[in-house]
Amino acid sequence: RNELALHQFRRMNNKGCDSNSKTFEILVKGLIESGRVDEAATVLEQMLKHKCQPDLGFYTCIIPLFCRENKVEEAVKLFKMMKDSDFVPDSFIYEVLLRCFCNHLQLDSAVGLINEMIEIGMPPKHNVLVDMMNCFCELGKINEAIMFLEDTQVHETAPFNTLLEGCCNAGEVLAANVLLETMSERNIADCQSWNILIRWLCENEETNKAYILLGRMIKSFVILDHATYSALVVGKCRLGKYEEAMELFHQIYARCWVLDFASYSELVGGLSDIKHSQDAIEVFHYMSMKRCSLHSLSFYKLIKCVCDSGQVNQAISLWQLAYFCGISCCIVTHTTIMRELSKSRRAEDLLAFLSQMLMVGSNLDLEAYCILFQSMSKHNKVK
């Protein structure tokens, strides 16, 4: 009941009550949490105008709220007031303000705040450094990011991994290689570090280089995981080497691992494109038992491949399994099955599938209705 609260606030002077820090904390917090952020900023201005001195609890409560609502100017103003009042911000206040700077790509402000934290003996946590690396990379300042990690003497893996991804996304593979080498020498490279670069090489059809890197990874006594195999599967698919991709899949199967979403979709879609329906079904069945989702386009390709081979009952079973796994189906997937059912089956089979579709909330398009009309006419189902 914010309006009533504001009304009581305006009547305080008439009742001989002075507004204090807690008064404004209650108002500003309540307005922000009700989505009335601009009004909260106005109340803050009133507080400053009345020269009300906030206490530590006000700053600790309100600065994070303004940061969350992307009100950078208000958050910075309160942060400066806090220090001017000889209150020492804790690590949480620094972190939320840093994250706010990074989200708005205010890199210079973020770097200044990091340096301030280091000077007062409050080294930034790895999640803050990850935000910093994302900010550097989004601004395309890869070399500056590397220098920053060196200057601040970071020895944690997560920020370096974020920078590695940034290098790869920017196509700076040479810089990524050098960075990974540095990480390996300092014993801060983990399996994910190697996987980031291997994945990029595989996605860009540089599989030979990926395997060279894989050899270095094994020599460094890093244990391969499911993400490593997922990356290699993508590499084989991009080169059309589906037999080798299936060999990798069988190794994943033997370890009871799963492919990641992108690798799974690429493998099933690719196998379906080349009409290797049994391999595609094998992959789909295993991943479905692990409740893994699949891209709707890849699933359509699988259904089309199975229907083209005349296995419409198999296609319906796969469709039912997809519903069990929460895989979204595009309308063309349904019409593909309906078209196959209408060719040589009884009208009741098509109607049975239609009823299943309607039960799970599937939509029909014009083609689906045309298939139904034609099938009913063909079987003299006039009504």
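Refer to the structure presented above.
Note that the coordinates shown come from a computational prediction; the quantities given were computed from them, not determined experimentally.

Conventions used here
Residues numbered from 1 in each chain as written. Predicted model: local features only at pLDDT ≥ 70, side-chain atom pairs only at ≥ 80, totals over all residues. Heavy atoms only, no water. Helix = DSSP H or I, 4+ residues; strand = E, 2+ residues; numbered from the N terminus. Rg over C-alpha atoms; globule rule 2.2 N^0.38 Å. Buried < 20%, exposed > 50% of the residue type's maximum accessible area, 1.4 Å probe, protein only. Contact = heavy atoms within 4.5 Å. Areas by Shrake-Rupley, 256 points an atom, 1.4 Å probe, with all protein chains shown as cover. Lys, Arg positive; Asp, Glu negative; His and termini not counted. Charge placed at Lys NZ, Arg CZ, Asp CG, Glu CD. Phe/Tyr/Trp six-rings, centres within 6.5 Å; stacked < 30°, edge-to-face > 60°. Lys NZ or Arg CZ within 6 Å of the ring centre and 35° of its normal. Salt bridge = Lys/Arg side-chain N within 4 Å of Asp/Glu carboxyl O. Axes fitted to C-alpha atoms, helices over the stretch in contact; angles between N-to-C directions. Parallel < 35°, antiparallel > 145°, perpendicular 65-115°, else oblique. Left-handed = near helix turned anticlockwise from the far one by under 90°. Nonpolar A, V, L, I, M, F, W, Y, C, P; charged D, E, K, R; others polar. Expected span 1.5 Å × (residues − 1).

Draft legend 1. Expanded view of the overall build of the chain. Along the backbone of the chain there are 22 helices and zero strands. Compactness check: the chain gives a C-alpha radius of gyration of 30 Å against a globular reference of 21 Å for 383 residues, more than 25% above the reference. Counting only C-alpha atoms, the chain reaches 90 × 65 × 30 Å along its principal axes. Evaluated residue by residue, the chain yields a buried proportion of 46% over its 383 residues. Across the chain, every contact between residues at least 6 apart in sequence was considered, and the portion connecting residues at least 24 apart equals 63%. Just so you have it, the chain exposes about 19,700 Å², and 52% of that area is on carbon and sulfur atoms. Charge-centre separation for the chain: the mean point of 38 positive side chains lies 8 Å from the mean point of 47 negative side chains.

Draft legend 2. The packing of aromatic side chains, seen in detail. Tallying each qualifying case throughout the model produces ten aromatic pairs. With centroids separated by 6.5 Å and ring planes inclined at 55°, the aromatic side chains of Phe249 and Tyr253 adopt a geometry described as tilted. Highlighted residues: Phe249 and Tyr253, both in helix α15 (residues 242-254), separated by four residues, approximately one helical turn. On the basis of relative accessible area, Phe249 is assigned to the buried category, the value being 0%. Among the aromatic residues, ring-to-ring pairing joins Phe58, Tyr59 and Phe87 into one connected group. The residue whose ring lies beneath Arg255 is Trp257, and the NZ or CZ to ring-centre distance is 5.6 Å.

Draft legend 3. Examining the pattern of salt bridges more closely. For the coordinates displayed, the defined rule picks out 22 salt bridges. Among the ionic pairs, Arg36 bridges to Glu3, the shortest N-O distance being 2.5 Å. With Arg36 in the loop between α2 (21-33) and α3 (37-49) and Glu3 in helix α1 (residues 2-10), the pair connects residues that are 33 residues apart, well separated along the chain. Using a relative accessible area of 48% as the deciding quantity, one classes Glu3 as partly exposed. Between Lys209 and Glu206 there is a salt bridge whose closest N-O contact spans 3.8 Å.

Draft legend 4. Summary view of the packing of helix α6 (residues 91-103) against helix α7 (residues 107-119). At a closest axis distance of 9 Å, the pairing of α6 and α7 adopts a crossing angle of 160°. Comparing the axis directions of α6 and α7 gives the class roughly antiparallel. Crossing angle aside, the handedness with which α6 passes α7 is left-handed. Contact with α6, carried on its side by Tyr94, Leu97, Leu98, Phe101 and Cys102, involves Ser109, Ala110, Leu113, Ile114, Glu116 and Met117 of α7 and no other residues of that element. For the contact of α6 with α7, a count of residues per class yields nine nonpolar, one polar and one charged.

Draft legend 5. Focus on helix α17 (residues 277-289). The first and last C-alpha atoms of α17 sit 18 Å apart over 13 residues, in line with the 18 Å expected at 1.5 Å per residue. If you check which residues of α17 are buried, you get Ser277, Ala280, Ile281, Val283, Phe284, Tyr286, Met287 and Ser288. In this fold, the buried residues of α17 make contact with α15, α16 (261-273), α18 (296-308) and α19 (312-325). Looking at the residues trailing α17, positive phi occurs at Arg291, about 60°.

Draft legend 6. Structural view of the environment of Ile142. By secondary structure assignment, the location of Ile142 is in helix α9 (residues 142-151). Along the chain, Ile142 and Glu172 lie 30 residues apart, while their C-alpha atoms are 8.5 Å from each other. Beyond its immediate chain neighbours, meaning those up to four positions away, Ile142 contacts Cys137, Leu163, Gly166, Cys167 and Glu172.

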